[in-house]
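Commentary on secondary and tertiary structure
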Amino acid sequence: MIDERALDAIDWSSMHHAYGAADEVPVWLRDMASPDAETRRKAVSHFYSAVHHQGDVYASTTASLPFLFALADDPATPDRAAIVRLLVSIGAHAVERCGYDYVDGPDYKGGAVVVRERADAFVSYARDDDRLVRRAAIEGLGLFVDDAARAAALLRDRLPAEDGTEERLLLVETTATLALRLPAARDAATAWLDAVASDEAVDPATRLAALVHGARCVPERIVAGTMPRAVGLLRLSTPAPETGTADGAAGSGTGGCRCTAPEEPEAPAEASRNAPPQVVAAFEDLDRHNRTHSPLTSLLRTFHKVLDFRVADRTALVTEQIASPDPAVRHDAIRMAKELMGAWRGDHSALVTQLAGCLLPGHSYTAAEAAEALGALSRSPNPPARPSPRTSSPCATRTDRRSGPRPAHCCAGRTSSPSRPSPASVTCAPCPPC
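Just so it is clear, the structure is predicted and the values come from calculations on it, not from any experiment. (Residues numbered from 1 in each chain as written. Predicted model: local features only at pLDDT ≥ 70, side-chain atom pairs only at ≥ 80, totals over all residues. Heavy atoms only, no water.)

In this section: the overall build of the protein chain. When helices and strands are counted, the protein chain shows 19 helices and five strands. Across the 434 residues in the protein chain, those meeting the buried criterion constitute 46%. When the accessible area of the protein chain is evaluated, it comes to approximately 21,400 Å², of which 53% is carbon and sulfur surface. (Helix = DSSP H or I, 4+ residues; strand = E, 2+ residues; numbered from the N terminus. Buried < 20%, exposed > 50% of the residue type's maximum accessible area, 1.4 Å probe, protein only. Areas by Shrake-Rupley, 256 points an atom, 1.4 Å probe, with all protein chains shown as cover.)

This is the structure:
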C-alpha cells in the first residue's frame, strides 16, 4: 500500500496540475485504495482530469508515480487494473514526448525516466492472475522495455498463455508498436507476425490482427492477395449464428446489411433528468461517438488507416463489415463508412444503398447510426457523387474542406511516402490546382 510518511513528506502545494496547486493529489491517491467503489472511481476520474489532463505529465504527475506503482503492486488494492491503465497512459505520453524541450510546466522527461526504470513492474503485471490487470499492462511491454529482444520474447510468449480475444489482439498490436519504436526488433517482429497470420492453428481474429499489423509495420507488403485474405479472416472471426432464421433471411450471401440479427448492441442508459436537455443530448452524443461494441473495431480502424488512399480496398473492407452477421461489428462499421465517404469522393452509391438497408425499425440503435451517416452526406459541401463523363477518373479524390476535392496523388511530389502513386505512374484526368 501507499507509504503514508513518504506521501505526507512531499510539498504538494509547491506543484501544480491543470487547475492549480496540487494539494488534492494525496487525497486522490489515498481514495484510489478506498473500499468504496464510487470513491475510487471519483479519485481516478479527478486524477485523469487534473493531474493527467489530456495526456499532460506535470511534476505532480511524476511525483505521484511511486505511489501509483505501490497501489498497483499490492494485490489487496481494489480495481488494480484501473491503476495499471493510468500508469500505462502516463508512461505512454511521457515516453512519446520526452524528446522535446518544454519551457514551463510539463515533466515528460521525468515521467519517462520513472516508468522505464520500473519496466519490470509491467512485466509482472502482464503475468498477473487478474485478466484485467494483464490486459491493462500489455501495452507497457512494447513501450517501456528497451531491450528489443527481451520485449519481443515477452510478447511472443504471452500469446499462447492468453485465451481472451482482447488480450490476444493487444499482444499482436503491441508487437507491431515495438517493431515501429525499436528498429532492432523489426525483423524478428514482422517475421513472427507473418508466421501468426499464416498459422491455421491460431484463431482467425488473431491471424487477422497479425496480417493487419504486419502491413502496419511494412505498408509495402500490401499486395493483391492481402484483401482477400483479410476478408476471409474477418468472415471466420464473425461467423453467422447457428440458430435462428431471421439473420439468414436478411440477405445472407447477397452482401446486404444483415441488420435483422437477433441481438443488437446495447443502447446507452437513459441520462439523468436533472440536467438541461441540450446538455444531456450533447453528452449522450459524445458518449455514443466514443463507444465501440466489438473487440475487432480498433483493429479494423487500424486497417483502414493503413490502407489509407486505397479506396477500393477500404470500400470492400467496410462493405464486408456492414454485411457481418455480428451486430457489433456491423454497427461500428457504419461510422467507418461515413468517414470513408466523407473523406474520399467517388461513386459510393453501393455503400449508400447498403447503409440504407440498415434503417430497420426493429433495431433503432443501429438505424439511428445509419441515418446519421446518410444525413451527413447530404450536409457535406462535397457529397459523394457519381463521376461525370468529363471528370471520370480511376483515381479516388480526397475531400479537402478548405479548397474542395483534390486527387489522392495530386500533391504526391510533396511527400516522401514511397507507397503513394506519383502522377507519372497513374493515368488520370488532369489534376486541378492544389
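Looking at the secondary structure, you find Asp347 in the loop between strand E3 (344-345) and helix H18 (349-356). Taking the relative accessible area as the measure of exposure, Asp347 reaches 41% and is therefore partly exposed. In this structure the side chain of Asp347 is engaged in a polar contact, spanning 2.7 Å, whose partner is the side chain of Ser349. (Polar contact = N/O pair within 3.5 Å; in protein donor to acceptor, adjacent residues only side chain to side chain.)

The next point concerns the packing of aromatic side chains. Taken as a whole, this structure holds four aromatic pairs when the rule is applied. Taking the centre distance of 6.4 Å and the plane angle of 50 degrees together, the rings of Trp12 and Phe67 count as tilted. Separated by 55 residues along the polypeptide, Trp12 in the loop between helix H1 (4-9) and strand E1 (16-17) and Phe67 in helix H4 (residues 59-73) bring together distant segments of the chain. Comparing Trp12 with Phe67, the two get one shared label, buried. Between Phe69 and Phe122, the ring centres sit 5.7 Å apart and the planes meet at 80 degrees, which makes this aromatic pair edge-to-face. One end of the pair, Phe69, is in helix H4; the other, Phe122, is in helix H7 (residues 119-125), and 53 residues separate them in sequence. Judged by its relative accessible area of 0%, Phe69 falls in the buried class. With relative accessibility at 0%, the residue Phe122 sits in the buried group. (Phe/Tyr/Trp six-rings, centres within 6.5 Å; stacked < 30°, edge-to-face > 60°.)

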